[in-house]
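# Descriptive analysis of the structure
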Amino acid sequence: MLKYIVKRLLAAIPVLFVVILITFVLVRLAPGGPFDEERNVPEQVLENLNKRYHLDDPAHIQFFQYVGNLLQGDFGPSYKYPNRSVTEIIYSGVPVTIELGFYALLVAIIIGISTGLLASLKPNTAQDYVPMSLAMVGICLPSFVLGPLLILFFGIWFEWLPVSGWGQSANDKILPALTLGATYAAYIARLTRGGMLEVLSQDYIRTATAMGLPRWRVVLVHALRGGLAPVVSFLGPAAAGLLSGSFVVETVFQIPGMGRFYLQAAFNRDYTMILGTTIFFSALIIVFNLITDIILVWLNPKLRHQTFKS
Amino acid sequence: MKLTIFRIVAAATMLGALLSCGSKTETNVEKGNREQILYVANGSEPRELDPQLTTGAPEHNILMALFEGLVNEHPKTLAITPGVAESWSVSDDDKTYTFQLRDTAAWSNGDKLTAHDFVYSWKRSLMPNFGSQWAYMKYFIRGAKAFHMGETDDFSSVGVKAISDAVFEVELENATPFFLKLLVHNSYYPVHQATIEKFAPIDQPISDWTKPANFVGNGPFVLSEWKLNNLIASVKNTKYWDAANVKLNGVTFFPIEDQQAEVRAFRSGQVHVTHTPTMAIEKIGYYQENEPELLDIVQTYSSYYYELNTTKPPFDDARVRRALAMAIDRDLLVGSVSKGGQSPGYTLVPPDPQGYVAKFHFGYDIEKAKALLAEAGYPNGEGFPEASILYNSQDDHRKIALAIQQMWKSSLNIDVGLNNQEWKVYLNSRKNFEHEVARAGWIADYVDPSNFFEIFLSTSGNNHTGWVSAEYDALIQQMQEEAREPQRFELFEKANKLLADEMPIIPIYYYTDINLKSPSVKGWYGNVKHSHPYNRVYLEEVKK
């Protein structure tokens, strides 16, 4: 297993390199630079700024300088926030985004799996149609609509939950987690239902029932393990989606996470921030996909033998 | 069966947990009223809190709490009042200002504040490598421009001197009647030399000194917390010379850039007041109808106009430019399109109730506009080349551009397109003169018409019209050298008339600041600079 993990991680390095290269080129192609302001910046000041941040060096020199610094762990200073380094900003924003993503994932898994499970047990009845229609609504409703709706109900009309902030008042993490997790809950519900329906029609389930095992044991212990396979393989892209979906939720709820910094960096043409956050997110996504693959394989003994022994 | 019951119970438990933990907690507004802490929604996250480096309004709002300059502004009239300087005198030729600093002036760490601190700070902002974008505001001082351009590295050639610990003297290039008004800008604030030098040399802008653990300031409040994209908190500075009269115990700023989130934060009691130039446009109507007492609409000294690229035909013809300007129904625009209580603008410079109000206005006249357009060679709009209005992607700009496009079509029969671009792309396009018509705005740095007129000097980097006029340049030069008010007003009027004749820009309206304010906020008055000194603000619970 260790050899497998190492092989996967080594293969990730060229992927990251290509990501850095493409991002580097793209941000510099976009019109407008980090120091463009509404008021004219005096020539001399602009010259000094460009010199300080090495923006007057030729592009390929800048690229190799950047990669060189990167290998030493230095993401560079932020152009927009001059007294903060990109590393500092990432460290302040990442724990928040990961916490938000984690709660959203919990919400998605708990609501999604339980709803999908319920629906799969009595297919084509009300117990199936109602949750699945709700799931459809959840998938279609974007977070920038759902978020404000939840805020309106729970924050403004009933005044039960705070409308923005993270960690400033009790319960301000509930609405953002719900908003972000809702779409994924819907996907997971549909996937669980599909997976469970397939597994529940298998012979070994019929055997277990015939052998007199209680229904809950058949479903939860024997069927769920196989039925969750599509959900597990969805978790990789779901984690990626949660990270990028956090941008909208963070803006709606004013959460100080990476998503908001990423958006601001793009608008501000803060080259180093954009690169730093892109690299960080790419690395996270690569790691999540790796973890997902490992879990998938571990869940299925047949695959386990194939993958790890080869 | 058991499964279903189990699931129903689980769902009910979750719902119950959700509802029970969401009981009514104290809002920030209630807490703030009790503890005298003001909560402000402040727009975007500040780039920096170094007063000589920042350029934006959100930063200035915060710096006003953390620092104090030589002078202050009266919260209602904007009249200049003593700050760190308890008195001052001006020489007979109006070129030398001598400030007497009060001996109770101190830094938040207890150090005494002296004239040497001002010399150090002003020198720092003029150092060529430091990169202060507001250095040009100090060019009124003798020798400042030469020093900033690197022509000399001897700061004693600049007219900034500490005569003694308590006496600070400034010599100007020309008599500048509005010089005192400049001093309230954050680039003129003093900074604490010892703290800065602990972290970086004088002209190194990247430094840790503004982090809360290291921060030293001289304002009514001192920085206590700075969580990125989360909040900036300040607490009362007990060493401030006027601390006895400061009623607030702290001010906390929330960097909320999303306009919808800002309104929600106010509605739910998270903030007492919003301190951004404008608010979500579709919410203005609701508040005007239902809760007008919460809405704070203030005329400001800022102008919204369209810049015409005079290097591209047909905009090189002044008749075309005047025709376009006269064909816009500004009353309709401010009444039905922007709806924020703005005033229609027929001159570049907004009216200043305490000072200059422009006399000549060109007016809304469709017949005259049609005649001018025909005279220029485009009768009834025939043959008018392709052109478009460039603006940055924002709803209010789009609505105005759309309305003006329709007005030009219906009254002049010309087709003008709309070109919206993202902010930085828009800035870039405008800088490269890719536009025919470009939306622009100018918020005055200080309340004096010269600040507006100077935009259209032929050498100004903020002039995106390509319009060059030696007569205008000479007029502005005269303006800069004239100190007597009646003569200055005459020069302003001349410049105003020249701009109306040549029309390189089309004035549209004068901005209003539209904010939400809780009734418990007292001592917070509207003024044309949207400036609210916190040392006179306090909170009082309003009896319902």
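Residues numbered from 1 in each chain as written. Chains lettered and ligands numbered in written order. Predicted model: local features only at pLDDT ≥ 70, side-chain atom pairs only at ≥ 80, totals over all residues. Heavy atoms only, no water.

## Things to note about the overall build of chain B
Our working definition: In this text, helices come from DSSP runs of H or I with a minimum length of four residues, and strands from runs of E with a minimum of two, each type numbered from the N-terminal end. Between buried and exposed lies partly exposed: a residue is buried under 20% and exposed over 50% of the maximum accessible area for its type, with that area taken using a 1.4 Å probe on protein chains only. The contact criterion used is simple: two residues touch if any of their non-hydrogen atoms lie within 4.5 Å. Note on areas: these come from Shrake-Rupley sampling with a 1.4 Å probe, and a residue is covered only by the protein chains present in the view. Note that His is not counted, nor are the chain ends; the positive residues are Lys and Arg, and the negative ones are Asp and Glu. Working definition for charges: the position is that of NZ of Lys, CZ of Arg, CG of Asp or CD of Glu.
The secondary structure content of chain B amounts to 17 helices and 19 strands. Its C-alpha atoms give chain B principal-axis dimensions of roughly 85 × 75 × 40 Å. Counting the 544 residues in chain B, one finds 59% classified as buried. For chain B, restricting intrachain contacts to residue pairs at least 6 apart in sequence, the fraction spanning at least 24 positions comes to 69%. When the accessible area of chain B is evaluated, it comes to approximately 21300 Å², of which 52% is carbon and sulfur surface. Between the averaged position of the 52 positive side-chain charges in chain B and that of its 68 negative side-chain charges there is a distance of 6 Å.

## Here we look at the pairing of strand S10 (residues 250-254) of chain B
For a regular strand, the rule is simple: side chains alternate between the two faces of the sheet. Counted residue by residue, S10 of chain B has five buried out of five residues, so it is predominantly covered. Side chains Gly250, Thr252 and Phe254 of chain B project from S10 of chain B onto one buried face, and the interleaved Val251 and Phe253 of chain B project onto a second face that is buried too.

## A word on the interface of chain B and chain A
What counts is decided by this rule: Accessible surface is computed with a 1.4 Å probe, and the buried area is the amount of it that two parts give up when combined, taken over both parts together. The salt bridge criterion pairs a side-chain nitrogen of Lys or Arg with a carboxyl oxygen of Asp or Glu, the two atoms within 4 Å. Between N or O atoms, a polar contact is any pair within 3.5 Å; within protein, one atom must be a potential hydrogen donor and the other a potential acceptor, and residues adjacent in sequence are included only when both atoms are from side chains. Under this grouping Gly is polar, as are all residues other than the nonpolar Ala, Val, Leu, Ile, Met, Phe, Trp, Tyr, Cys and Pro and the charged Asp, Glu, Lys and Arg.
Opposite the 63 residues of chain B that make contact, chain A presents 58 residues. When chain B packs against chain A, the two sides together hide about 5400 Å² of surface, and 53% of this comes from carbon and sulfur. Of all residues in chain B, Arg47, Leu228 and Lys424 of chain B give up the largest surface area on contact with chain A, accounting jointly for 14% of the area buried on that side. The interface formed by chain B and chain A contains six salt bridges. Of the charged contacts in the structure, one is a salt bridge between Arg269 of chain A and Glu422 of chain B, with a shortest N-O distance of 2.7 Å. Taken together, the connections running from chain B to chain A amount to 24 residue pairs in polar contact (both at pLDDT 80 or more). At the level of elements, helix H1 (2-21), helix H8 (259-267), helix H14 (423-431) and strand S16 (437-443) of chain B are the ones that each hand at least two residues to the side of chain B that touches chain A. Counted by class, the side of chain B that touches chain A contains 26 nonpolar, 20 polar and 17 charged residues.

## What to know about the pattern of salt bridges
Note that side chains of opposite charge can pair when their charged atoms are close. Under the defined criterion, the tally for this structure stands at 28 salt bridges over all chains. Each of Arg84 and Glu88 of chain A together with Asp208 and Lys211 of chain B takes part in a single network of salt bridges with overlapping partners.

## Points about the side chain of Ser450 of chain B
All names here are of chain B. Turning to its location among the elements, Ser450 is positioned in helix H15 (residues 450-453). Take Ser450: its relative accessible area is 4%, and that puts it in the buried class. Not counting chain neighbours up to four residues away, the residues in contact with Ser450 comprise Phe178, Met479, Arg488 and Phe492.

## Looking at the sheet that holds strand S7 (residues 167-171) of chain B
Residue and element names in this part refer to chain B. For clarity, the threshold we go by: For two strands to count as paired, DSSP must find a minimum of two bridges between them. The axes used here are C-alpha line fits, helices contributing only the stretch in contact, and every angle between their N-to-C directions lies in the interval 0 to 180 degrees.
In spatial order, the strands read S4-S5-S7-S6; together these four strands make up an open sheet with antiparallel pairing. Of all the strands in the sheet, just strand S4 (85-90) and strand S6 (160-162) have a single pairing partner and so form its edges. Sheet twist, expressed as the average angle between the axes of neighbouring strands with direction ignored, equals 20 degrees. The pairing of strand S5 (residues 96-101) with S7 spans five bridges and is antiparallel. Within the sheet, the bridge partner assigned to Thr98 lies in S7 and is Glu169.

## Regarding the confidence of the model for chain B
Rules: Summary of the metric used: pLDDT quantifies the predictor's per-residue confidence within the range 0 to 100.
Mean pLDDT over chain B stands at 90; residues scoring 70 or higher make up 95%. Interface confidence for the predicted complex, given as ipTM, is 0.83, next to a pTM of 0.87.

## Points about the sheet that holds strand S11 (residues 273-274) of chain B
All names here are of chain B. Strand order in the open sheet formed by five strands is S8-S9-S10-S1-S11, with mixed pairing between adjacent strands. Every other strand in the sheet has two partners, leaving strand S8 (221-227) and S11 as the edge strands with one partner each. The pairing of strand S9 (residues 231-236) with S10 spans four bridges and is antiparallel. The partner of Ser234 across the bridge, within S10, is Val251. Along the sheet, helix H2 (residues 28-35) contacts strand S1 (37-41) and S10; its crossing angle with S1, the most-contacted strand, is approximately 145 degrees. Most of the contacts of helix H3 (residues 57-66) go to S8, to which it runs at about 135 degrees, and overall it touches S8, S9 and S10.

## So, the packing of aromatic side chains
We count it as follows: Centres within 6.5 Å make a pair out of two Phe, Tyr or Trp rings, where for Trp the six-membered ring is used; the pair is then stacked when the planes are under 30 degrees apart, edge-to-face when over 60, and tilted otherwise. Here, a charge over a ring is recorded when the distance from Lys NZ or Arg CZ to the ring centre is within 6 Å and its angle to the ring normal is within 35 degrees.
Per the counting criterion, the structure on display carries 51 aromatic pairs over all chains. Centre to centre, the rings of Phe315 of chain B and Phe384 of chain B are 6.2 Å apart; their planes meet at 90 degrees, and the pair counts as edge-to-face. Of the two residues, Phe315 of chain B is situated in the loop between strand S12 (295-308) and helix H10 (318-326) and Phe384 of chain B in the loop between helix H12 (366-375) and strand S14 (387-392); the sequence distance between them amounts to 69 residues. Grouping residues by exposure puts Phe315 of chain B and Phe384 of chain B together as buried. Three or more aromatic residues link up through ring pairs in this structure, and these residues are Trp88, Tyr97, Phe99, Phe118, Trp122, Phe168, Phe179 and Tyr188 of chain B. One Lys or Arg, Arg28 of chain A, reaches over the ring of Phe24 of chain A and ends 3.9 Å from the middle of that ring. Lys76 of chain B extends its terminal NZ or CZ atom over the ring of Tyr525 of chain B, reaching a point 4.8 Å from the ring centre.

## Focus: the pairing of S14 of chain B
Residues and elements named next belong to chain B. Most of S14 sits inside the fold, with six of its six residues counted as buried. Covered by surrounding structure in S14 are Ala387, Ile389 and Tyr391 together with Ser388, Leu390 and Asn392, the residues of both alternating faces. As judged from the six bridges shared by S14 and strand S15 (residues 416-421), these two strands associate in the parallel manner. Looking at S15, one finds that Ala387 is bridged to Val416. The sheet contact formed by S14 and S16 spans two bridges and is parallel. If you follow Leu390 over to S16, its bridge partner there is Ala438.

## Re the environment of Ala233 of chain B
Residues and elements named next belong to chain B. Along the chain, the position of Ala233 falls in strand S9. Placed twelve residues apart in sequence, Ala233 and Phe221 show a C-alpha to C-alpha distance of 9.5 Å. Each residue touching Ala233, except ones within four places of it in the same chain, is listed here: Val222, Leu223, Ser224, Glu225, Val251 and Thr252.

## Points about the packing of H10 of chain B against helix H17 (residues 485-502) of chain B
Residues and elements named next belong to chain B. Put simply, the rule is: Throughout this description, any angle smaller than 35 degrees is read as roughly parallel, any larger than 145 degrees as roughly antiparallel, any in the 65 to 115 degree range as roughly perpendicular, and the remainder as oblique.
Direction vectors running N to C along H10 and H17 enclose 100 degrees, while the axes themselves pass 7 Å from each other. Between H10 and H17, the interaxial angle falls into the category roughly perpendicular. Facing Ala318, Arg321 and Arg322 of H10, the residues of H17 in contact are Ala500, Asp501 and Glu502. For the contact of H10 with H17, the class distribution of residues is two nonpolar, no polar and four charged.

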